[in-house]
Amino acid sequence: MTKHIPVLLEETIGGLYLKKGDIVVDATFGGGGYTKEILKRVLPGGKVIAIDTDLSALTSFTERAKEDAFLSSVLKQEALVLVQSNYSALESILEERGIETIDALVADLGFSSDQIEAGERGLSFLLRGPLDMRLNREVGITAGEIVNTFSLEALEKILRDLGDESEYWRIAQSIVKTREEKSFTTTDELREMIERVYPKSKRYKMKIHPATKTFQALRIAVNEEEKHLGDFLKQAKNRLRKGGKIAIVTFHSGEDKKVKQFWKEEAEGCICPPGFPICKCGNKPKVKILTKKPIIPTAEEIQNNPRARSAKLRIVEKI
Ligand SMILES: C[S@@+](CC[C@H](N)C(=O)[O-])C[C@H]1O[C@@H](n2cnc3c(N)ncnc32)[C@H](O)[C@@H]1O
């Protein structure tokens, strides 16, 4: 059983305007909530290429699919193709399967409820586990390696730039001081240290736990989320057919800013300096932004699924 409840499901999948026969990429398969909805709209004749960097997301779905006649048959007929990969390898994933262009793409960024509730992955400060945080546990460095070996300046930069943590310097200094005595090994050691050093005057007014932003920053750094997202957006735009749609759901301001800025630049026409009498650059808009403001969940959705509270959906169409 997946515990993950898909966020903004109707708004996201409805916003792709799918039809029978479409080829769609679900770049962040997770519990398969979006993919199942897409399949209903593109079959018969269509196909979903579903990507996830976390092998366990795919294997647990394949196990569940054995009990489900519909899912077993779509997997057998390859109307649903599961790919373990980072979404930043999108173009090679499509090339390997002989797919030149796609009709739509969806990405629901970050991690699933299943991943955060698996304490042994170290993604949650509420659950005791190793300081790992890698979504793909076969590659990359762990949060523990960052915390125990990175310089003070590098730690400050991670907490400030990726976590938007105003107490970045206090937390980074305390990490460095603490590890002189003993390295950090578990999530609760880091959480307890942050609880100890976080100023009481600020904690009193905060709606979130003081370790939230530090854990977010470390997860982004461990999984190199910014770099992969940038590479992925370029490839997604390249591979989309004219008139096709891309829907991206983000969960924190840094991520949303990056997606918003990328589409803003792609939607721009002439980029000649102001005052040029005629256009010399010849730049043409490549996409049309369909969501001038991001779509956010209703109060009812947030009540049923608190994880949805920070979600923002942006949709574009290729022109
Ligand atoms: C929020 S969940 C997706 C949930 C899904 N929409 C559903 O309805 O079940 C995000 C998923 O994206 C995966 N993911 C995160 N970063 C990724 C990346 N760079 N490449 C591929 N998958 C990634 C995570 O492993 C996680 O399973």
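Each value, and the rule that gives it
Residues numbered from 1 in each chain as written. Predicted model: local features only at pLDDT ≥ 70, side-chain atom pairs only at ≥ 80, totals over all residues. Heavy atoms only, no water. Helix = DSSP H or I, 4+ residues; strand = E, 2+ residues; numbered from the N terminus. Expected span 1.5 Å × (residues − 1). Contact = heavy atoms within 4.5 Å. Salt bridge = Lys/Arg side-chain N within 4 Å of Asp/Glu carboxyl O. Pairing = 2+ DSSP bridges. Axes fitted to C-alpha atoms, helices over the stretch in contact; angles between N-to-C directions. Buried < 20%, exposed > 50% of the residue type's maximum accessible area, 1.4 Å probe, protein only. Arc of directions from axis to C-beta. Domains from an automatic or database assignment. Buried area = accessible area lost by both parts, 1.4 Å probe. Phe/Tyr/Trp six-rings, centres within 6.5 Å; stacked < 30°, edge-to-face > 60°. Lys NZ or Arg CZ within 6 Å of the ring centre and 35° of its normal. Parallel < 35°, antiparallel > 145°, perpendicular 65-115°, else oblique. Left-handed = near helix turned anticlockwise from the far one by under 90°. Near = heavy atom within 4 Å. Polar contact = N/O pair within 3.5 Å; in protein donor to acceptor, adjacent residues only side chain to side chain. Areas by Shrake-Rupley, 256 points an atom, 1.4 Å probe, with all protein chains shown as cover. Nonpolar A, V, L, I, M, F, W, Y, C, P; charged D, E, K, R; others polar.

We now examine helix α14 (residues 253-267). Its 15 residues give α14 an end-to-end C-alpha distance of 21 Å, which sits within 8% of 21 Å, the value for a rise of 1.5 Å per residue. Contact partners of the buried residues in α14: α12 (212-222), α13 (225-239), β5 (240-250), β6 (287-289) and β7 (312-318).

This part takes up the pattern of salt bridges. Taken as a whole and judged by the stated rule, the model has 25 salt bridges. Across the pair Lys 202 and Glu 167 runs a salt bridge whose closest N-O atoms are separated by 2.6 Å. Linking Lys 202 in helix α11 (residues 200-203) with Glu 167 in the loop between α8 (152-162) and α9 (168-181), this pair joins segments that are 35 residues apart in sequence.

Relative to the helices and strands, Ala 217 resides in helix α12. The spacing of Ala 217 and Leu 159 is 58 residues in sequence and 5.5 Å in space, taken between C-alpha atoms. Those residues in contact with Ala 217 that lie beyond four places of it in its chain are Ile 158, Leu 159, Leu 162 and Gly 163.

Adjacent strands of a sheet form backbone hydrogen bonds with each other and so pair up, either parallel or antiparallel. Across the sheet, seven strands lie side by side as β3-β2-β1-β4-β5-β7-β6; this open sheet has mixed pairing. Here the strands that pair on one side only, and so sit at the sheet edges, are β3 (80-84) and β6. Adjacent strand axes in the sheet meet at a mean angle of 15°, parallel and antiparallel pairs treated alike. In this structure, strand β4 (residues 102-108) lies alongside β5, joined through six bridges in parallel fashion. Of the residues in β5, the one forming a bridge with Ile 102 is Leu 240. Sheet strands touched by helix α2 (residues 33-42): β1 (23-26), β2 (47-52), β3, β4 and β5. Its angle to β2, the strand with the most contacts, is close to 170°. Strand contacts of helix α3 (residues 55-65): β2 and β3, with the helix running at about 145° to β3, the strand carrying the most contacts.

Every buried residue of α3 is listed here: Ala 57, Leu 58, Phe 61 and Ala 65. All buried residues of α3 project into a common sector of 95° when viewed along the axis, lining one side. In this structure, the buried side of α3 is in contact with β2, α4 (69-76) and β3.

Domain annotation of the chain identifies domain 1 (9-114 + 225-318) and domain 2 (137-222). Distance between the C-alpha centres of domain 1 and domain 2: 31 Å. Listed by partner, the interface residues are ten residues for domain 1 and seven residues for domain 2. Together domain 1 and domain 2 conceal approximately 650 Å² of surface at their shared face, both sides included; 43% is due to carbon and sulfur atoms. On the domain 1 side of the interface with domain 2, the three residues burying the most area are Phe 111, Glu 225 and His 252, jointly 60% of the side's total. Counting across the interface, domain 1 meets domain 2 through one salt bridge.

Let us look at the packing of aromatic side chains. Applying the stated criterion to the full structure yields four aromatic pairs. One cation-aromatic arrangement involves Arg 307 over Phe 251; the distance from NZ or CZ to the ring centre is 4.7 Å.

Interhelical geometry of α8 versus α9 gives an angle of 140° and a closest axis separation of 8 Å. With respect to α9, the axis of α8 lies oblique. When you trace α8 past α9, the crossing you get is right-handed. Across the interface between the two elements, Leu 152, Leu 155, Glu 156, Leu 159 and Arg 160 from α8 touch Tyr 168, Trp 169, Ile 171, Ala 172, Gln 173, Ile 175, Val 176 and Arg 179 from α9.

Further remarks concern the environment of Pro 273. Summarising the element assignment, Pro 273 is placed in the loop between α14 and β6. Sequence separation between Pro 273 and Met 1 is 272 residues; the distance between their C-alpha atoms is 56 Å.

All right, on to the site of the ligand then. If you check the shell around the ligand, you find 23 residues, and the closest are Gly 31, Asp 52, Tyr 87, Asp 108 and Gln 115. Residue Gly 31 places a main-chain N or O atom 2.9 Å away from an oxygen atom belonging to the ligand. For the ligand, a nitrogen atom lies 2.9 Å from a polar atom in the backbone of Tyr 87. When the free accessible area of the ligand is taken as 600 Å², the share hidden by the protein chains comes to 97%. The class makeup of the residues in the shell around the ligand is eight nonpolar, twelve polar and three charged.

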